[in-house]
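In case you want the letters, here they are:
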Amino acid sequence: GAVVSQHPSWVICKSGTSVKIECRSLDFQATTMFWYRQFPKQSLMLMATSNEGSKATYEQGVEKDKFLINHASLTLSTLTVTSAHPEDSSFYICSARNRESSYNSPLHFGNGTRLTVT
Amino acid sequence: AQTVTQSQPEMSVQEAETVTLSCTYDTSESNYYLFWYKQPPSRQMILVIRQEAYKQQNATENRFSVNFQKAAKSFSLKISDSQLGDTAMYFCAFRSGNSGNTPLVFGKGTRLSVIA
């Protein structure tokens, strides 16, 4: 149980185009999902907190107009990288917590999306 | 804001030996959770072990155990009988316990290599 599906796992796009990444909780409901970004050989940096039915909360330095987050249901959050540029190339990972579980339960991670912008 | 520090960028250990990865954190909160995650080359995040701050007893999961020193804000991971499959990046992470929807704050990671 507690599976988070992230799609696509790998995408290449041209500079100036937009890319949408989906994060789905397959067997649980998540009122909140988190989006992280990981550069090569670096740690995971929180980009934003995605809240079902409301606006996402972005971390300082993350452009909300560039990284559009939509959390339209209790099982789906999407991250759209708009007008992508080569510096947006990175590994993006989502995570979520089962809203029915206790506070000390761990977050469940998707398998990540490797984005390459050419 | 909470911070997590892992001071060992890289470590290596012989197969079957024991290795300890260090982690310190800074917080003003009294209710929080600490985690160690493993990230192999596949980049999947795998939970290794977790610790509730209110518990004095150190968590243990098979070959993995922690040394949680709350006053010192230290949370080290000990891997016993190291195996080749333990080769990975290891991230220490902090999570506030103030609500159910707080994110994980990660350290910079330690790259562990298990040598045959």
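Owing to the predicted nature of the structure, the values given are computational and were not obtained by experimental measurement. (Residues numbered from 1 in each chain as written. Chains lettered and ligands numbered in written order. Predicted model: local features only at pLDDT ≥ 70, side-chain atom pairs only at ≥ 80, totals over all residues. Heavy atoms only, no water.)

J.: Please clarify how the sheet that holds strand 1 (residues 4-7) of chain A should be interpreted in this entry.
T.: In any sheet, the strands associate via hydrogen bonds between backbone groups, in a parallel or an antiparallel arrangement. All names here are of chain A. Judged by pairing direction, the sheet is antiparallel, and its four strands sit side by side in the order 1-3-8-7 without closing on themselves. Edge positions in the open sheet fall to strand 1 and strand 7 (67-73), since each of these has one partner strand only. Averaged over all neighbouring strand pairs, the angle between strand axes comes to 15 degrees, with direction disregarded. With four bridges connecting them, strand 1 and strand 3 (residues 19-25) associate as antiparallel partners. From the neighbouring strand, H7 faces strand 3, where its bridge partner is E22. (Pairing = 2+ DSSP bridges. Helix = DSSP H or I, 4+ residues; strand = E, 2+ residues; numbered from the N terminus. Axes fitted to C-alpha atoms, helices over the stretch in contact; angles between N-to-C directions.)

J.: Please clarify how the packing of aromatic side chains should be interpreted in this entry.
T.: The way to describe two aromatic rings as a pair is by their centre distance and the angle between their planes. Tallied over the full model, the rule gives 13 aromatic pairs over all chains. Measuring from centroid to centroid gives 6.3 Å for W36(B) and F75(B), while their planes differ by 25 degrees, and the two rings are stacked. Placement of W36(B) in strand 5 (residues 32-39) and of F75(B) in strand 9 (residues 74-79) is noted, with a sequence separation of 39 residues between them. Assigned by exposure class, W36(B) and F75(B) land together as buried. Seen from their ring centres, F68(B) and F75(B) are 6.3 Å apart, and the 80 degrees between their planes marks the pair as edge-to-face. For the pair F68(B) and F75(B), a shared accessibility class is recorded, and that class is buried. Pairwise contacts between aromatic rings join Y36(A), F109(A), F35(B), Y37(B), F91(B) and F106(B) into one cluster. A cation sits over an aromatic face here: R43(B) above F91(A), 4.1 Å from the ring centre. (Phe/Tyr/Trp six-rings, centres within 6.5 Å; stacked < 30°, edge-to-face > 60°. Buried < 20%, exposed > 50% of the residue type's maximum accessible area, 1.4 Å probe, protein only. Lys NZ or Arg CZ within 6 Å of the ring centre and 35° of its normal.)

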